[in-house]
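# Examination of the molecular architecture
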Amino acid sequence: MRILYCIYQIFIAIPVTIIATILTAFTVGVGCTLGDGHYWGYYPGRWWARVITKAFLLPVKVEGRENLEPDQSYVFVSNHQGAFDIFLIYGFLGRNFKWMMKYQINKIPFVGYACKKSHQIMVDKRGVSKIKKTYQDARDILEHANCSVVVFPEGARSFTGHMGEFRKGAFMLADELQLPVVPLTINGSFNVMPRMKDWHFATWHPLSLTIHQPIYPVGQGPQNIQATMHQAYDSVMSSLVPEYQGFIANPDQ
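Description of the structure in this document. (Residues numbered from 1 in each chain as written. Predicted model: local features only at pLDDT ≥ 70, side-chain atom pairs only at ≥ 80, totals over all residues. Heavy atoms only, no water.)

## Thoughts on the packing of aromatic side chains
Stated precisely, the cut-off is as follows: Centres within 6.5 Å make a pair out of two Phe, Tyr or Trp rings, where for Trp the six-membered ring is used; the pair is then stacked when the planes are under 30 degrees apart, edge-to-face when over 60, and tilted otherwise. Burial classes follow relative accessibility: with a 1.4 Å probe on protein chains only, a residue under 20% of its type's maximum area counts as buried, one over 50% as exposed, and anything between as partly exposed.
Under the counting rule described, the total for this entry stands at 18 aromatic pairs. Ring centres of Tyr90 and Phe97 lie 5.5 Å apart, and the angle between their planes is 45°; on these two criteria the pair is classed as tilted. On the accessibility criterion, Tyr90 (9% relative accessible area) is buried. For Phe97, a relative accessible area of 1% corresponds to the buried category.

Structure, rendered in C-alpha cells:
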C-alpha cells in the first residue's frame, strides 16, 4: 500500500497541489487587488487547503466548532506538528483569520506572493522596529477587521510530535486587546509529514483538529498572560494522542 500511495502522489496528489497552489495564488492576488481583501485573503486559501487534503486522501475530523461565537474575534493558538497543520487549520477551522507566520515564507514561490497580497502577518524579529510592526499589524486586524489570528506559539515545528514551550507573544497580544484565546490541538500531521521529511512523500494518516473552549481574560497584565498561557498549554496537551503526550524541548525554539 505504501508503494501504491507514493505512485498515487506522483501522478495525482502532487500535480493537483502544484496546480491548486498556482491558481490560488493568482486568485488571491487579483481578488485582493480588485476587491475585498478580507474575503479574497481567506476563502481561496480555505478551498486550496481542502483540495490538497482531499488530493492526499487524508480523512479529517473536527471537534469543538460549537465553542466559537459567530462575530467574536479570537487569538487561536495551536501546537505545530508538521507541514499539514497549515492545510488542516486553513481548510477546516471555519473562521476568517490571518496567520502570524515567519517572514521567510515570503520567499516560497506563489505562496509568498499570496501571503503578501492577502496581508498575512509576517513575524520579523530582525530588529525592534520590525517586531513592533508585526504586533501593530496584528492589533489592526483584531481591532478593525472583525477577524481572528492564528499563532503557533512554539515558534517552530516539532522534531518529535511532542509539544515544546509556548512563547508569550500571542498571549501578550490577547491580554492587551482583552480578547479570548482559543487553544487548538492538532493530531496526525506529524505522522503525515514531519519536518525531518519535508519534500518527501507523505504518509497516509487521519488528521484531527480539536477546538477547545475559549479562555477569556481575567484581569489584565502579567498574571493574566501567565495564567492564559498555562491554561492554553494544558488544553492543547489534553487532546494529544498518548503517543505524543508530554513535553520534549524543541532545540530550535
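## Quick notes on the sheet that holds strand E5 (residues 148-151)
Convention followed: By definition, two strands form a pair when at least two bridges between them are found by DSSP. The helix and strand labels rest on DSSP assignments: H or I over at least four residues marks a helix, E over at least two residues marks a strand, and numbering proceeds from the N terminus. A fitted line through C-alpha atoms serves as each axis, taken over the contacting stretch for helices, and the angle formed by two N-to-C directions is quoted from 0 to 180°.
Reading across from one edge, E1-E7-E6-E2-E5-E3-E4 is the order of the seven strands in this open sheet, with mixed pairing throughout. Because the sheet does not close on itself, it has two edges, and the strands there are strand E1 (60-63) and strand E4 (121-123). Across this sheet, the average inter-strand angle for adjacent strands is 20°, counted without regard to direction. With four bridges joining them, strand E2 (residues 75-78) and strand E6 (residues 181-187) adopt parallel strand pairing. Paired with Val77 across the bridge in E6 is Pro183.

## Structural notes on a nonpolar patch on the surface
How we decide: Only residues whose relative accessible area exceeds 30% and that take part in no salt bridge are eligible for patches, with like-charged residues grouped when within 9 Å of each other and nonpolar side chains (Val, Leu, Ile, Met, Phe, Trp, Tyr) grouped when within 5 Å. Computed with the Shrake-Rupley method and a 1.4 Å probe, the accessible areas treat only the protein chains shown as cover for residues. Salt bridge criterion: a side-chain nitrogen from Lys or Arg within 4 Å of a carboxyl oxygen from Asp or Glu.
Side chains of Met1, Ile3, Leu4, Ile7, Ile10, Phe11, Ile12, Ile14, Ile18, Ile22, Phe110 and Phe201 sit close together on the surface and give an oily, nonpolar patch of about 1200 Å² of accessible area. On the secondary structure map, Ile12 appears in helix H1 (residues 2-34). The partly exposed category is assigned to Ile12, whose relative accessible area is 38%.

## With respect to unusual backbone geometry
If you check the backbone angles, Leu57 has positive phi at about 60° while not being a glycine. Locating Leu57 in the fold gives a position in the loop between helix H3 (43-55) and E1. The phi angle at Gln178 is positive, at roughly 55°, despite the residue not being glycine. In this fold, Gln178 is placed in the loop between helix H7 (169-177) and E6.

## As for helix H4 (residues 85-92)
The element H4 is largely enclosed, with a buried count of seven among its eight residues. Within H4, the full set of buried residues consists of Asp85, Phe87, Leu88, Ile89, Tyr90, Gly91 and Phe92. Positive backbone phi, approximately 80°, marks Gly94, located one or two places after H4.

## Observations regarding the nonpolar core
Note the cut-off: What we call a nonpolar core is a set of buried Ala, Val, Leu, Ile, Met, Phe, Trp, Tyr and Cys residues that are connected through their side-chain atoms within 4.5 Å. Only heavy atoms enter the contact rule, under which two residues are in contact if any of them lie within 4.5 Å.
If you look at the biggest cluster of nonpolar residues, it comprises 37 residues, and the most contacted ones within it are Ile89 and Leu93. Going through the elements one at a time, H1, H3, H4, strand E3 (97-102), E6 and strand E7 (207-211) are the ones with two or more residues in this core. For this core, the element with the most residues is H4, which contributes five residues. Residues within four places of Leu93 in sequence aside, it is in contact with Arg65, Phe76, Leu88, Val150, Leu184, Leu209 and Ile211. With 27 residues, the next largest nonpolar core counts Phe166, Leu179, Ile225 and Leu240 among its residues.

## As for the state of the cysteines
For the record, the criterion: Only a pair of cysteine sulfur atoms within 2.5 Å qualifies as a disulfide here.
For the coordinates displayed, the defined rule picks out zero disulfides. With no disulfide partner, Cys32 has as its closest neighbouring cysteine sulfur the one in Cys115, 11 Å distant.

## A few points about the pairing of E5
Looking down a regular strand, the side chains alternate between one sheet face and the other. Burial along E5 is two-sided: the face carrying Ser148 and Val150 and the face carrying Val149 and Val151 are both buried. Pairing of E2 with E5, which is carried by three bridges, proceeds in the parallel orientation. Considered in E5, the bridge of Val77 is made with Val151. Two strands pair when backbone bridges link them, and E3 and E5 are joined in this way by three bridges, in the parallel orientation. Note on E5: the bridge partner recorded for Phe97 is Ser148.

## Quick word on the side chain of His162
The residue His162 is located in the loop between E5 and H7 in this model. By relative accessible area, His162 is classed as buried at 14%. For His162, the residues in contact, after removing those within four places along its chain, are Glu154, Glu243, Tyr244, Gln245, Gly246 and Ile248.

## A short note on helix H9 (residues 222-238)
Applied cut-off: Under the convention used throughout, the expected extent of a helix is 1.5 Å for every residue step, that is, one less than its residue count.
With 17 residues, H9 should cover 24 Å at 1.5 Å per step; its first-to-last C-alpha distance of 24 Å lies within 8% of that length. Of the surrounding secondary structure, the elements contacted by the buried residues of H9 are E2, H7 and E6.

## Some points on the packing of H1 against H3
In plain terms, the rule: Here roughly perpendicular refers to angles of 65 to 115 degrees, roughly parallel to angles under 35, roughly antiparallel to angles over 145, and oblique to all remaining angles. Here the term charged refers only to Asp, Glu, Lys and Arg, the term nonpolar to Ala, Val, Leu, Ile, Met, Phe, Trp, Tyr, Cys and Pro, and the term polar to all other amino acids, Gly among them.
Here H1 crosses H3 at 180°, and the two axes come no closer than 9 Å. By the angle between their directions, the pair H1 and H3 is classed as roughly antiparallel. Along its contact with H1, which presents Tyr8, Ala13, Val16, Thr17, Ala20, Thr21, Thr24, Thr27 and Val28, the element H3 presents Pro44, Gly45, Trp48, Val51, Ile52, Lys54 and Ala55. Here the contact of H1 with H3 is composed, by residue class, of 10 nonpolar, five polar and one charged.

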